[in-house]
Amino acid sequence: MKKYYITTPIYYVNDVPHIGHSYTTLAADTLARYKRLLGEKVFFLTGTDEHGQKIQKAARSVNLTPQELADKVVENFKRLWKKLDITNDFFVRTTDDYHIKCVQEAFEYIYKKGDIYKGEYEGWYCIPCESYYSEVEIGKDKVCPVCGRKLDLVKEESYFFRLSAYEDKLLKFYEKHQDFVIPKTRYNEIISFVKGGLKDLSITRTSFDWGIPVPFDNKHVIYVWFDALLNYLSAIGCKNGSFEEIWPADVHFVGKDILRFHAVYWPAFLMSLELPLPKHVVAHGWWTVDGKKMSKSLGNVVDPNKMIQKYPKDAYRYFLLRNVPFGLDGDFSEKELIERINSELVNDFGNLVSRSLTMMEKYSDGLVNMPITVENDNLSKLAKSTYDKILEHMNIFRFDEALIDIFEYIRAVNKYITEKEPWTLNKLRKTAQLNEVLYNLFSALKFVAGIISPFLPDSSEKIMNMLGLNDVGSYTAEFFLDFYNIEQSKVAKKDMLFERIEYKNEGEKKESEKKIPIDEFFNVDLKVAKILEAEGIEKSRKLIKLKIDVGEESPRTLVAGLKEHYKPEELVGRYIIVVANLKPAKLMGIESNGMLLAAKDGENLALLTVEKPVKPGAKIS
Ligand code: ME8
């Protein structure tokens, strides 16, 4: 049996999963299901990236240890993947022992080989991207060329990987494997990046400790990307056990943001480890929401949990995979999602299944029988040519095109019904012809159920069940392609595949309909603060400037509209509740860091306080 190894990036645990993470994972899941359908032995890996400065910083800001943060956030990913029926075979965590051991072994191997040496790193570092940048890349503004955020100037002792020694080898490899990076535009970008010259890569840090220690020098922790990339090996036994049956990876799915790590650093590490290189690195584009970049501060981060509460899971999968040519950037809008549900999933797909089953029930009591002779096998021929097109498109990871192929077939079957007029055949009692048409429809639905199963697994299961067939996973593609392999089946129309949805603007909804998931609430960091000083702002009728202790190194300034309700001296010494993770805002020229909570009933305003004094900085949970 042919093996096929698919991976997603391992996601950072500083944040909850959003639509972007779910996109990569759903694409990988679709490919995994598709390869299983072809009868291949798939190993599908996902997981979480739990070390590094960014995680350490995030943990500190919520008063947790990095391990506690990782243990908490990893559950959000696992829960979401379960809800989305992701069929990964393993979930790797970079804080797991087997992974730590693998990274240390790899580091030592490369060191002994002479590809790692000690030196000093001085340069720019982006903590959110966990990435080093050269002066040339960051330009005058000294901001990260990828995420646009402020960079840190780092100067520390470091071990370096001799990346420069791999420049020619990498270029030769790309030349020989033109489909190593997909799509072609990204392949070209990688080649020009490498041709621009590779500098040795700093692969250890000393200024923080949340990482895997260098085995022979524990003052250093291993750079989070060296650590993270090795997950693709550690998860399959790290040069041991079943490793040889699975390695090399057939495809690493990544977002375009992390292509360089996968297409330059990773193959160089593997060359140094003397291991075969992955077959493909497939980089997809970036999702924005209603035309804007997703960000917490804009409050437009799309939570997949919320989406699959509102819409069928298959509709969510369909929209993501169909709406954007895989590789290009895309924009998420609920309006467009609803349009696709109503036009393609309800009108074309749902309607075909529903009308076919209704006719089978009505004209032959739900019994379909293989015809004795076949007059017209156009649907069967069309299924074969559709299948060939799907294979071609899936070979180059064009999920959108494969779905277009399937929906063209669905429309052709709808047209077949219109042309054959089974209702007329029934009226004229042309039983043999009617039987043949119904059987062809049965086989066409069987084909659709099979070929659509990687993309829309729930719908596929529903159809199989209504056709009186077994679980879709028990068959491979040949079964679905063969139109004449079921002698007889009893079908029953049980389920609607999709229901039409009315589009409602957020603004049109009643307050009570605007429910938020619990994760959204937990995004707000509520803390107890003690008011140390309070002073009315002279030119303002409402504002008072407060100095508050939120359990941090130094007090914060917070500006609040309390003047009409409290005298400044009444406020000092009170324990209040503040939103601690708000972006700073300027009020009357004073920067306010946070917001206090108060209840208002029209005229009266009352501060929210705690019942008895607790330590400033205590979390409200
Ligand atoms: O980079 N649109 O983890 P990460 C599309 N730990 N895809 C998006 C997206 C968006 N707006 N936002 C995120 C890391 N993604 C490293 C990976 S692998 C050895 C280590 C997806 O949590 C996309 O796949 O920042 C992107 O590459 C990945 O999430 C980044 O996830």
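What counts, and where the lines are drawn
Residues numbered from 1 in each chain as written. Predicted model: local features only at pLDDT ≥ 70, side-chain atom pairs only at ≥ 80, totals over all residues. Heavy atoms only, no water. Patch = residues over 30% accessible without salt bridge, like charges linked within 9 Å, V, L, I, M, F, W, Y side chains within 5 Å. Areas by Shrake-Rupley, 256 points an atom, 1.4 Å probe, with all protein chains shown as cover. Salt bridge = Lys/Arg side-chain N within 4 Å of Asp/Glu carboxyl O. Helix = DSSP H or I, 4+ residues; strand = E, 2+ residues; numbered from the N terminus. Buried < 20%, exposed > 50% of the residue type's maximum accessible area, 1.4 Å probe, protein only. Near = heavy atom within 4 Å. Polar contact = N/O pair within 3.5 Å; in protein donor to acceptor, adjacent residues only side chain to side chain. Domains from an automatic or database assignment. Contact = heavy atoms within 4.5 Å. Buried area = accessible area lost by both parts, 1.4 Å probe. Core = buried A, V, L, I, M, F, W, Y, C linked by side-chain atoms within 4.5 Å. Pairing = 2+ DSSP bridges. Axes fitted to C-alpha atoms, helices over the stretch in contact; angles between N-to-C directions. Parallel < 35°, antiparallel > 145°, perpendicular 65-115°, else oblique. Nonpolar A, V, L, I, M, F, W, Y, C, P; charged D, E, K, R; others polar.

## Side note on a nonpolar patch on the surface
And step 1. On the surface, a nonpolar cluster with roughly 330 Å² of combined accessible area is contributed by Ile518, Phe521 and Phe522.
And step 2. Within the secondary structure, isoleucine 518 sits in helix 21 (residues 518-522).
And step 3. Under the relative-accessibility criterion, isoleucine 518 is labelled exposed at 54%.

## Here's the deal with the site of the ligand
And step 1. Around the ligand, 23 residues are found, and the nearest of them are Ile10, Thr24, Asp49, Asp257 and Trp287.
And step 2. Within the backbone of glycine 255, a nitrogen or oxygen atom sits 3.0 Å from an oxygen atom of the ligand.
And step 3. Within the backbone of tryptophan 287, a nitrogen or oxygen atom sits 2.9 Å from a nitrogen atom of the ligand.
And step 4. Bound to the protein, the ligand loses 94% of the 670 Å² it would expose on its own.
And step 5. Elements with a contribution of two residues or more to the shell around the ligand: strand 1 (3-12), helix 1 (19-37), helix 8 (224-229) and helix 9 (231-234).

## Quick look at the environment of serine 343
And step 1. Tracing the backbone through its elements, the reader meets serine 343 in helix 14 (residues 334-364).
And step 2. Put simply, serine 343 and serine 474 are 131 residues apart on the chain and 31 Å apart in space, counted from C-alpha to C-alpha.

## Overview of the domain arrangement of the protein chain
And step 1. The assigned domain composition of the protein chain is domain 1 (4-285), domain 2 (334-490) and domain 3 (516-607).
And step 2. Listed per partner, the contact involves 16 residues of domain 1 and 18 residues of domain 2.
And step 3. Of the roughly 1300 Å² buried at the junction of domain 1 and domain 2 (both faces included), carbon and sulfur atoms supply 75%.
And step 4. When residues of domain 1 are sorted by the area they lose upon contact with domain 2, Thr30, Tyr34 and Leu37 head the list and together hold 48% of the total.
And step 5. For the pair domain 1 and domain 2, the interface holds zero salt bridges.
And step 6. At the junction of domain 1 and domain 2, the tally comes to one residue pair in polar contact (both at pLDDT 80 or more).

## What to know about the side chain of histidine 18
And step 1. If you trace the backbone, histidine 18 turns up in the loop between strand 1 and helix 1.
And step 2. Among the polar contacts made by the side chain of histidine 18, one reaches the main-chain amide nitrogen of glycine 20 at a distance of 2.9 Å.
And step 3. When sequence neighbours within four positions are dropped, the list of residues in contact with histidine 18 reads Met294, Val301, Val302 and Pro304.

## Some points on unusual backbone geometry
And step 1. Note that the residue after isoleucine 182, namely proline 183, is joined by a cis bond; omega there is 0 degrees.
And step 2. Mapped onto the fold, proline 183 is located in the loop between strand 7 (181-182) and helix 7 (184-195).
And step 3. In the segment running from tryptophan 247 into proline 248, the intervening peptide bond is cis, with an omega of 5 degrees.
And step 4. In this structure, proline 248 sits in the loop between helix 10 (243-246) and strand 12 (251-255).
And step 5. If you check the backbone angles, cysteine 238 has positive phi at about 50 degrees while not being a glycine.
And step 6. For cysteine 238, the position within the fold is in the loop between helix 9 and helix 10.
And step 7. Positioned with a positive phi, arginine 429 is a non-glycine residue whose angle comes to about 55 degrees.
And step 8. Given the relative accessible area of 71%, arginine 429 is considered exposed.

## Here's the deal with the nonpolar core
And step 1. Counting residues in hydrophobic clusters, the biggest one holds 183 residues, and the most contacted among them are Tyr174, Trp247, Phe332 and Phe349.
And step 2. Three or more residues apiece are contributed to this core by two domains, here domain 1 (4-285) and domain 2 (334-490).
And step 3. In this structure, tryptophan 247 is in contact with Lys3, Tyr5, Tyr232, Leu233, Ile236, His252, Trp266, Leu270, Leu275, Pro276 and Pro278, ignoring residues within four places of it in sequence.
And step 4. Judged by nonpolar contacts, the second largest core, of 16 residues, contains Leu546, Leu558, Leu596 and Leu607.

## Considerations on the pairing of strand 12
And step 1. Among the five residues that make up strand 12, five are buried, leaving the element largely enclosed by the rest of the structure.
And step 2. Burial of strand 12 is two-sided: the residues Val251, Phe253 and Gly255 facing one way and the residues His252 and Val254 facing the other way are all buried.
And step 3. Sheet analysis places strand 1 next to strand 12, joined by two bridges and oriented parallel. Among the inter-strand pairings, threonine 7 is bridged to a residue of strand 12, identified as histidine 252.
And step 4. Across five bridges, strand 12 lies against strand 13 (residues 280-284) in parallel orientation.

## Let's talk about the sheet that holds strand 6 (residues 152-161)
Strand pairing in a sheet is mediated by backbone hydrogen bonds. Such pairs are either parallel or antiparallel.
And step 1. Pairing in this open sheet of four strands is antiparallel, and the strands run 5-4-6-8 from one edge to the other. Edge positions in the sheet fall to strand 5 (131-133) and strand 8 (201-202), since each of these pairs with one other strand and no more.
And step 2. In terms of strand pairing, strand 4 (residues 116-126) meets strand 6 through ten bridges, oriented antiparallel. Paired with tyrosine 121 across the strands is glutamate 156, a residue of strand 6.

## Details of the packing of helix 15 (residues 378-395) against helix 16 (residues 399-420)
When two helices pack together, their arrangement is given by the angle between their axes and by how far apart the axes lie.
And step 1. Closest axis-to-axis distance for the helix 15/helix 16 pair is 8 Å, and the angle between their directions is 170 degrees. By the angle class used here, helix 15 and helix 16 are roughly antiparallel. Within the contact between the two elements, helix 15 uses Leu379, Leu382, Ala383, Thr386, Lys389, Ile390, His393 and Met394 and helix 16 uses Phe399, Glu401, Ala402, Asp405, Ile406, Glu408, Tyr409, Ala412, Val413 and Tyr416.
And step 2. Residue composition of the contact of helix 15 with helix 16, grouped by class: twelve nonpolar, two polar and four charged.

## Notes on the side chain of serine 202
And step 1. Mapping serine 202 onto the fold places it in strand 8.
And step 2. Given a relative accessible area of 2%, serine 202 falls into the buried group.
And step 3. One polar contact links serine 202 to tyrosine 132, side chain to side chain, over a distance of 2.9 Å.
And step 4. In this structure the side chain of serine 202 is engaged in a polar contact, spanning 2.8 Å, whose partner is the side chain of serine 158.
And step 5. If we skip the residues at most four places from it in the chain, serine 202 touches Tyr121, Tyr132, Ser158, Tyr159, Phe160 and Tyr223.

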